[in-house]
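This is what each chain is made of:
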Amino acid sequence: MATPDPASPTETQEDTQPYALEAQKICKSFGSVEVLHDVDLTVPPGTTMSILGPSGSGKSTLLRCINWLETPDSGRIFLGGAPVGRRPDGKLMSDRELAKVRARMGMVFQSFNLWPHFTVLQNVIEAPTQVLGMSKDAAIARAEKLLEKVGLSEKRDVYPYSLSGGQKQRVAIARALCMSPEVMLFDEPTSALDPELIGEVLAVMRDLASEGMTMVVVTHEMSFARDVCEEVVFMDKGKVVERAAPADFFSNPKTERARQFLTRYA
Amino acid sequence: MTDWEIVFSEWPRFAAGFGTTLTLFLLSTIGAFLIGMLFVNILYGRNRIARKAVGIYIDGMRMLPFLIFVYLLYYGLPSVGISMSAWTAGIVGLTLYHCAYVAEILRGAWSQLPSGQAEAARAQGHHGLRMFGRIILPQLVLNSAPILGNQLIYMLKDTAFLMIITVQELTYAASSVQSMYFVPLEPFVVALLLYWLMSLSIEGIVLIVNRFAKERGLGDT
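Keep in mind that this is a model prediction, so the values were computed, not measured.

**Describing the sheet that holds strand β6 (residues 105–108) of chain A**
Residue and element names in this part refer to chain A. One open sheet holds the six strands; their spatial order is β6-β7-β8-β3-β9-β10, and the pairing between them is mixed. Only two strands of the sheet have a single partner each, and these edge strands are β6 and β10 (239–244). Neighbouring strand axes in the sheet, compared pairwise and without regard to direction, differ in orientation by 20° on average. Relative to strand β8 (residues 214–218), strand β7 (residues 183–187) is paired through five bridges, and the arrangement is parallel. Paired with Asp187 across the strands is Val218, a residue of β8. With respect to the sheet, helix α5 (residues 165–177) is in contact with β6 and β7, its orientation differing from that of β6 by roughly 170°.

**Examining the sheet that holds strand β1 (residues 21–30) of chain A**
Strand pairing in a sheet takes place through backbone hydrogen bonds and is either antiparallel or parallel in direction. Residue and element names in this part refer to chain A. Read across the open sheet, the four strands follow the order β2-β1-β4-β5; overall the sheet is antiparallel. A single partner strand is all that each edge strand has here, and the edge strands are β2 (33–43) and β5 (82–84). Pairwise comparison of adjacent strand axes, ignoring direction, gives a mean angle of 30° for this sheet. Pairing analysis gives five bridges linking β1 to strand β4 (residues 74–79), with the strands arranged antiparallel. Residue pairing across strands places Leu21 opposite Leu79, the latter belonging to β4.

**Some words on the interface of chain A and chain B**
Listed per partner, the contact involves 26 residues of chain A and 23 residues of chain B. It is Trp115(A), His117(A) and Gln130(A) in chain A that bury the most area against chain B; as a group they hold 26% of the surface buried on that side. For Glu119(B), the salt bridge goes to Arg64(A), with nearest N and O atoms at 2.6 Å. Taken together, the residues of the side of chain A that touches chain B sort by class into 16 nonpolar, four polar and six charged.

Criteria and thresholds
Residues numbered from 1 in each chain as written. Chains lettered and ligands numbered in written order. Predicted model: local features only at pLDDT ≥ 70, side-chain atom pairs only at ≥ 80, totals over all residues. Heavy atoms only, no water. Pairing = 2+ DSSP bridges. Helix = DSSP H or I, 4+ residues; strand = E, 2+ residues; numbered from the N terminus. Axes fitted to C-alpha atoms, helices over the stretch in contact; angles between N-to-C directions. Contact = heavy atoms within 4.5 Å. Buried area = accessible area lost by both parts, 1.4 Å probe. Salt bridge = Lys/Arg side-chain N within 4 Å of Asp/Glu carboxyl O. Nonpolar A, V, L, I, M, F, W, Y, C, P; charged D, E, K, R; others polar.

Given below as structure tokens:
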């Protein structure tokens, strides 16, 4: 079998669709610390995947490399077969090109990052109107539907400052969804929440997964990984150590590191 | 005529001076903000040489007395072949001097802004000037309104220095009434009250901006 050309995306085996998301040989160092070492990741369309691992394993950095919030030192990222961050000839994309491809991915952050000077509704319609050029009316109509979906219709005109953490994160999810993204990236979406608020955010994410959204979720919520995800990726020391269906991973981890991790967290 | 009556009979002079001061102040405010915003974008940009140059400019300006700066602009530059009217020199001086402070205030506010604010915008495809204008700048202004207001008051008071390069602003008006009629007190009391009025207006605007900030959980709460 021929080795795949590293500068082009690979296609899934069942059909000729490209992966929703593909990372090839991603390396990233901060100073002398190597955070990611030759990481490969493929996410078929419609898959909900969780990335697990101890802190410092590089999972958040990998997620941030996927939408180029961190620039990988080497390696390639593809979104639905299209390059992210670097053009096919290897040159860095301009800000405009990068913005265009980023607009096709949604990202939800640990610290919510809602824009405090905008109301909830303004937060949700900002990128659709300003980046996609959608009309304000159309964006508001879509935003209202999404706010209803995350259970926050009555908060549309308040400022983020007055919301609880769980509400903020649900607004952040609605904000990302309003761009109709092909893929949703979640960077520890519940880690900054009080325990009693985690459930409301996970419920929204569970709905999304059941609707077939392609999701990559960096998380410490083992129950979410086990019950909702189709695949689990376990990272340690900057490498993907295991990749399996959750049932296999949680009942029968193949590596010693994963076993140790699971006894501590699960 | 009493001294006060003399002063009031000269009201057109004060009115003209007040108008000049206000115009100088407003135009320089706009100029200083535009250049200040440009500078802060360069300071947070990728061009290392431009960053360094702007840093040196800001530090250099802040170490320079304003009076000497405008003196050089108006009386010094003609000797190297650049001459401008007193009015132009005044606006250029105020703008170039105070933009350094505005840039520094905005830079300070930006350094306090969580990095996630820009990341969330970038992650949704925002970039460039539009991202700065819609996501970053409003927060910088809301978070630093009192300090910006303070700087505007400094700028207003610095317009008085322009008298020495013959700009006929408010202090010039007071001074000329004083020397025409030998009334040393009253003209300056009038000028002072007018400066107060303008400063209080600036303070008023700061209060309104601060209320905006508080409603959003921002600013000096």
